[in-house]
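So the chains spell out like this:
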Amino acid sequence: MITQQVTAIALRLFSIWLLIQLILNLPSLAILFASVEQYQQQEIPMGSYVGLIVAFILVGLIAAFLINKAANSVLKSAKSNSEATLNSDSQKVLFQLAGLYFVVNALAYLPRSLSFIPNTVEISSSSILWPAGLVFQLTIGLWLVSASTFWLNLFNKLRGRT
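Residues numbered from 1 in each chain as written. Predicted model: local features only at pLDDT ≥ 70, side-chain atom pairs only at ≥ 80, totals over all residues. Heavy atoms only, no water.

Student: Just to check I follow, could you spell out the overall build of the protein chain for this structure?
Tutor: Each helix and strand counted, the protein chain has five helices and zero strands in total. Mapped in sequence order, the helices and strands of the protein chain form the string α-α-α-α-α. Taken over C-alpha atoms, the radius of gyration comes to 21 Å for the protein chain, far larger than the 15 Å a tight globule of 162 residues would show. Taking the principal axes of its C-alpha atoms as reference, the protein chain extends roughly 65 × 40 × 20 Å. When burial is assessed residue by residue, the protein chain has 21% of its 162 residues classed as buried. (Helix = DSSP H or I, 4+ residues; strand = E, 2+ residues; numbered from the N terminus. Rg over C-alpha atoms; globule rule 2.2 N^0.38 Å. Buried < 20%, exposed > 50% of the residue type's maximum accessible area, 1.4 Å probe, protein only.)

Student: It is not clear to me how the environment of Ala55 should be interpreted in this structure. Could you clarify?
Tutor: With respect to the helices and strands, Ala55 occurs in helix H2 (residues 46-77). Owing to a relative accessible area of 36%, Ala55 belongs among the partly exposed residues under this scheme. Sequence-wise, Ala55 and Tyr109 are 54 residues apart; in three dimensions their C-alpha atoms are separated by 29 Å.

Student: Just checking my understanding: could you explain the layout of surface pockets for this structure?
Tutor: A probe matching the size of a water molecule, rolled over the atoms, marks out where space remains unfilled. Its boundaries defined by the atoms lining it, the largest pocket holds a volume of some 1200 Å³. Around the largest pocket sit 29 residues that line it, and Leu13, Trp17, Ala98, Tyr101 and Phe102 are the ones nearest its centre. At the level of elements, helix H1 (3-40), helix H3 (88-113), helix H4 (125-146) and helix H5 (148-158) are the ones that each hand at least two residues to the lining of the largest pocket. At 11 residues, the largest contribution of residues to the lining of the largest pocket is made by H1. Split by residue class, the lining of the largest pocket holds 23 nonpolar, five polar and one charged. (1 Å grid on protein atoms, 1.4 Å probe; cavity = no way out; pocket = protein on both sides within 12 Å on 5 of 7 lines; lining within 4 Å. Points joined across faces, edges and corners; volume = space filled by probe spheres on them. Nonpolar A, V, L, I, M, F, W, Y, C, P; charged D, E, K, R; others polar.)

Student: Looking at this structure, how should I read the side chain of Gln137?
Tutor: As for its position among the elements, Gln137 is in helix H4. If near-sequence neighbours (up to four positions away) are discounted, Gln137 is found in contact with Phe102, Asn105 and Ala106. (Contact = heavy atoms within 4.5 Å.)

Student: What is the right way to read the confidence of the model for the protein chain from this model?
Tutor: Averaged over the protein chain, the pLDDT score is 80; the fraction of residues at 70 or greater is 91%. H1 is the least confidently modelled element of the protein chain, averaging 79 in pLDDT, while H4 averages 87, the highest of any element. (pLDDT = per-residue confidence, 0-100.)

Student: Is there a simple way to explain H4 in this structure?
Tutor: The α-helix winds at 3.6 residues per turn, so residues separated by three or four positions along the chain end up facing the same way. Over its 22 residues, H4 extends 31 Å from the first C-alpha to the last, a length consistent with the 32 Å expected when each residue adds 1.5 Å. Turning to H4, its buried residues are Pro131, Leu134, Gln137, Leu138, Ile140, Gly141 and Leu144. Looking at the buried positions of H4, the neighbouring elements they touch are H3 and H5. (Expected span 1.5 Å × (residues − 1).)

Student: Explain the packing of aromatic side chains here, please?
Tutor: The relation between two aromatic rings is expressed through the spacing of the ring centres and the mutual angle of the planes. On inspection of all chains with the given rule, the structure shows five aromatic pairs. When the centroid spacing of 5.8 Å and the interplanar angle of 55° are considered together, the rings of Tyr101 and Phe102 count as tilted. Take Tyr101: its relative accessible area is 46%, and that puts it in the partly exposed class. You can call Phe102 partly exposed: its relative accessible area is 30%. (Phe/Tyr/Trp six-rings, centres within 6.5 Å; stacked < 30°, edge-to-face > 60°.)

Student: Sorry, what's going on with the packing of H1 against H2 here?
Tutor: Two packed helices can be described by the angle between their axes and the distance between those axes. Look at H1 against H2: their axes get within 8 Å of each other, and the N-to-C directions meet at 175°. On the basis of their axis angle, the class for H1 and H2 is roughly antiparallel. Residues of the contact of H1 with H2, tallied by class, amount to 23 nonpolar, nine polar and two charged. (Axes fitted to C-alpha atoms, helices over the stretch in contact; angles between N-to-C directions. Parallel < 35°, antiparallel > 145°, perpendicular 65-115°, else oblique.)

Student: Explain H2 to me, please; I cannot follow it from the model alone.
Tutor: The first and last C-alpha atoms of H2 sit 47 Å apart over 32 residues, in line with the 46 Å expected at 1.5 Å per residue. Taken together, the buried positions of H2 are occupied by Tyr49, Gly60, Ala64, Ile67 and Ala71. Buried-residue contacts for H2 involve H1.

Quick look at the structure:
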């Protein structure tokens, strides 16, 4: 895999991440509008709500589309017979960096996800799903960091290079 292909993959993953964040942050945007209403003690017109949410969605979709177009442009300009390929050590480092991101992200949100424990007597399955997902993310991240050779071999098999 050459560096331009890695760049294109990173750009595509970033655009997918941006779309996911766009969807996940829509409810918090609505809550923000409600808190602004309470702060100003006057009602925001429904047209403003809809307009701001549509603008938020459009900006996110346009950004993701442009990033995806940039990834396609990078792939078209990539030469498949280039000598600037990534060796296996560089690919292992990329897996380890991805694993570190997962570990740091999971550790950042895990204490907040467990904040329901002192407040409730009974624990429901819906309140345990977020911490369980973060523990799963932490496990995958640690696995990526510690066993990058396994992941490199797996991806080489999936690409048909073994």
